[in-house]
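These are the residues of each chain, in order.
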Amino acid sequence: MNTERSSLANAYREQLAREAIGVGELTRQADEDRVLRICFPAAPLPAPGFISAAERAGLAADIGTVYRLLTELPERLYGGDAGALADAVGLTGGQARLVGRATAGPLLRLARADLHHCADGFKLLELNISSALGGVEIALLNQAMLGHPALARFTAERGLGHVDTVRHIAAMVRAQCGRLPGRPVVALAVWPGEYTALQVWMHIYADLLDDLGIDAMPCHVGELVERGARLEVQGRPLDAVLRLFLIDEVRTRRDEVVLEPLLRAVESGAVQLIGRLDGELYGNKGALALLLDDRFRSACDAGERACLDRFLPWTRPVRSKVRLPDGSLGDLESYARAEQHDLILKPVLSHSGVGIVAGWTVPPEQWQDQVRQALDGPYVLQRRVKPLPEVFPGPDGDQEFYLNWGVFVTDPSATGSDGYGGCYLRATGDPEAGAVYEANAAKIGCVFHEEAAPGDGGLAQSARW
C-alpha cells in the first residue's frame, strides 16, 4: 500500500476519532443534496479517498504512456491502417465505417482509467477513451463533503486539493472551438433511446457547463438538423457537439442514417465533435490486449515495456492459442478451465459491466460454456486483480471497502495541467464482487490529492505527457 496515501487516510480517521465526530455528520450535506443523488444514486462513502503527490505523478506518467501507445497502435502494428485495427479489436463493419469517417478535428485527451490498487501498486483494468464518461460531476461531492469543517480543516492543513473534471471539459470545448465572439453553443447529444432516462442528468450537466461559459443544449442525436451549411438543435446553430453516446449504440443501417447529419457536419467542418468516434477504437478492451502482444512489445522501448509490465494485468484476445503469463504459447480453453477463479471474461466494447463474467462467481460448466462461446469473438480474457481493502470510518468502528479508482484523463494543452483530471471511487464491501461499476457499487466516493510532496515546498513535479 502507498504509505503516503495510507498515512493521509489514517490521519483523517484519527482526527475524526479525537473530535468524536459521528459518521452520519460527515455526509449529511451530500445526503441531502438532490443534484448529487441524481448524478450518483449510490450513497457517499463517509470519507474521501486520498492520493499522494508521488502517486498522482506516477499515475499521470503511466496512464499517459498507455494512452499514447494505444493511439499509436495503427502505425506500430498496421502500417497506419486504422481499419485493420478496427478489424483486429472486433468492431463490426458499420462501426469501422463510422470510425473511419469521424476523424476531423483534434483527438483531445478525454478518458477515464479504471484501476484497482493491489499489493504492488495500481493496475489498469480499462482505459475508456470517450466523451461519454460516467462520474465527471464528482467535484460536486468534493464540495459537499467540504461542507463539514473537519474535512475542510484537514485538507487545508495538509495542502490537499481536488480537480473539477467538468471545468477541464469546458476548457477542452473552448480550445477545440477556437476563438469565438461569444459563448460556444454546444449540443449535449445522447442516443435517442436514452434521452428520456438521462434528460434530468443532462440538464444538470448543461447547468454546470453554463456556469463555465458554455451554452449547452441537451438533446438526442435525432434532433440534430442540417440547415444550409450549419447544424442546429432547437433552432440554434451549433459550434460543437459533445458526444454522450457510445459507438456500440449504433447497431443498424437505420442507426447510421440517424447519425448522418452529424457526420456530414463534422466532415465539412461545420461543427466540432468533442470526443471523436475513433477514440473508442483505441479505448476498448481489445486494443488494451494488443499492447501486450509480442509484436507490439517488440516495437516498444525499454521504458514503455517496463510501464506495460508494471501497470497492466495479463489481458489477451479470446483465441484458441494465446501467450500465457509464463511466456509459453498455450491452449486458451485449457488455461481458462485451470485458472477459472483468477480470470474475468469481458466483451471488447461493453460498458457499465454489461456482459462481463467473473470466473470466480459462476459454476465451472457455465464458465467453460461462456469461454467457448466467446472464442474468436470480440472478447478478452483478463487476469484477476485483487484490490487491497481500504479502511473507512464506520458507525461501529473502521470498515473495509474494495475500490474502483476512476481517474479522469484530460488534455494538458487545453487545461494547463499535467493531464490528471480528477478521480472518483466506486466501492463495495464484497471482496468477491469482481468488477465494481455504477450498477453494483454500494457506495460512491470523491478523492483529494496532495498538491506537493512533503518537504517539496512547491508543487509536485508534473508528468510530461
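Right above here is the structure, for reference.
Everything in this summary refers to the structure shown in the same document.

### Considerations on the pairing of strand β21 (residues 420-428)
Note on strand geometry: in a regular strand, side chains alternate between the two faces of the sheet.
For step 1, the next point in the chain: Among the nine residues that make up β21, nine are buried, leaving the element largely enclosed by the rest of the structure.
For step 2, the next point in the chain: With seven bridges joining them, strand β20 (residues 399-410) and β21 adopt antiparallel strand pairing. Within β21, the residue paired with Asn404 across the bridge is Arg426.
For step 3, the next point in the chain: One ladder, built from four bridges, connects β21 with strand β22 (residues 443-450); its direction is antiparallel. Within β22, the residue paired with Arg426 across the bridge is Ile444.

### Digging into the environment of Glu72
For step 1, the next point in the chain: Here Glu72 lies in the loop between α5 (53-71) and α6 (73-78).
For step 2, the next point in the chain: Judged by relative accessible area, Glu72 falls into the partly exposed class, the value being 24%.
For step 3, the next point in the chain: Linking Glu72 and Leu244, residues 172 residues apart in sequence, is a C-alpha distance of 25 Å.
For step 4, the next point in the chain: For Glu72, the side chain forms a polar contact with the side chain of Arg76, separated by 2.8 Å.

### Things to note about the pattern of salt bridges
For step 1, the next point in the chain: Going through the model one piece at a time under the given rule, you end up with 30 salt bridges.
For step 2, the next point in the chain: In this structure, Arg112 engages Asp114 in a salt bridge whose closest nitrogen and oxygen atoms are separated by 2.8 Å.
For step 3, the next point in the chain: A salt bridge links Asp294 to Arg323, with the shortest nitrogen-to-oxygen separation between them at 2.9 Å. Separated by 29 residues along the polypeptide, Asp294 in helix α16 (residues 294-298) and Arg323 in strand β14 (residues 321-323) bring together distant segments of the chain.
For step 4, the next point in the chain: Among the residues examined, Arg323 registers a relative accessible area of 29% and is labelled partly exposed.
For step 5, the next point in the chain: Connected through shared salt-bridge partners, Arg68, Glu72, Arg76 and Glu304 make up one network.

### Concerning the environment of Ala171
For step 1, the next point in the chain: Topologically, Ala171 is positioned in helix α11 (residues 165-177).
For step 2, the next point in the chain: Along the backbone, Ala171 and Asp411 are 240 residues apart, and their C-alpha atoms lie at a distance of 9.2 Å.
For step 3, the next point in the chain: Not counting residues up to four positions away in its chain, the partners in contact with Ala171 are Ala414 and Thr415.

### Some remarks on the packing of aromatic side chains
For step 1, the next point in the chain: Counted under the stated rule, the structure contains 10 aromatic pairs.
For step 2, the next point in the chain: The interplanar angle of 70° and the centroid separation of 6.1 Å between the aromatic rings of Tyr12 and Phe50 together place this pair among those described as edge-to-face. With Tyr12 in helix α1 (residues 3-18) and Phe50 in strand β2 (residues 49-51), this pair connects stretches of sequence that are 38 residues apart. One exposure class covers both Tyr12 and Phe50, and it is buried.
For step 3, the next point in the chain: With a centroid separation of 5.9 Å and an interplanar angle of 75°, the aromatic rings of Phe392 and Phe401 are classed as edge-to-face. A single burial state applies to Phe392 and to Phe401, both of which are buried.
For step 4, the next point in the chain: Here a set of aromatic residues connected by ring pairs shows up, and it is made of Tyr12, Phe50 and Phe154.
For step 5, the next point in the chain: The ring of Phe245 has Arg243 lying over it, and the distance from NZ or CZ to the ring centre is 5.8 Å.
For step 6, the next point in the chain: The side chain of Arg384 reaches across the aromatic face of Trp360, ending 3.9 Å from its centre.

### Thoughts on the sheet that holds strand β7 (residues 215-220)
For step 1, the next point in the chain: Spatially, the four strands line up as an open sheet ordered β7-β6-β11-β12, and their pairing is parallel. Edge positions in the open sheet fall to β7 and β12 (272-274), since each of these has one partner strand only. Strand-to-strand, the axes of this sheet are offset by a mean angle of 25°, without reference to chain direction.
For step 2, the next point in the chain: Strand contacts of helix α12 (residues 195-211): β6 (185-190), β7 and β11 (240-243), with the helix running at about 170° to β7, the strand carrying the most contacts.

### Considering unusual backbone geometry
For step 1, the next point in the chain: A positive phi angle is found at Gln234, which is not glycine, with a value near 55°.
For step 2, the next point in the chain: Secondary-structure assignment places Gln234 in the loop between β9 (230-233) and β10 (236-237).
For step 3, the next point in the chain: Positive phi, normally seen in glycine, also occurs at Asp376, with a value near 65°.
For step 4, the next point in the chain: For Asp376, a relative accessible area of 55% puts it in the exposed group.

### Structural notes on the packing of α11 against α12
For step 1, the next point in the chain: Relative to each other, α11 and α12 sit at 65°, their axes nearing to 10 Å. Here α11 is positioned roughly perpendicular relative to α12, judged by the angle of their axes. The two elements α11 and α12 cross, and the hand of that crossing is right-handed. For the pair α11 and α12, the contacting residues are Val166, Ile169 and Ala170 in the first and Tyr205, Leu208 and Leu209 in the second.
For step 2, the next point in the chain: In the contact of α11 with α12, the residues fall into six nonpolar, no polar and no charged.

Rules behind the numbers
Residues numbered from 1 in each chain as written. Predicted model: local features only at pLDDT ≥ 70, side-chain atom pairs only at ≥ 80, totals over all residues. Heavy atoms only, no water. Buried < 20%, exposed > 50% of the residue type's maximum accessible area, 1.4 Å probe, protein only. Helix = DSSP H or I, 4+ residues; strand = E, 2+ residues; numbered from the N terminus. Pairing = 2+ DSSP bridges. Polar contact = N/O pair within 3.5 Å; in protein donor to acceptor, adjacent residues only side chain to side chain. Salt bridge = Lys/Arg side-chain N within 4 Å of Asp/Glu carboxyl O. Contact = heavy atoms within 4.5 Å. Phe/Tyr/Trp six-rings, centres within 6.5 Å; stacked < 30°, edge-to-face > 60°. Lys NZ or Arg CZ within 6 Å of the ring centre and 35° of its normal. Axes fitted to C-alpha atoms, helices over the stretch in contact; angles between N-to-C directions. Parallel < 35°, antiparallel > 145°, perpendicular 65-115°, else oblique. Left-handed = near helix turned anticlockwise from the far one by under 90°. Nonpolar A, V, L, I, M, F, W, Y, C, P; charged D, E, K, R; others polar.

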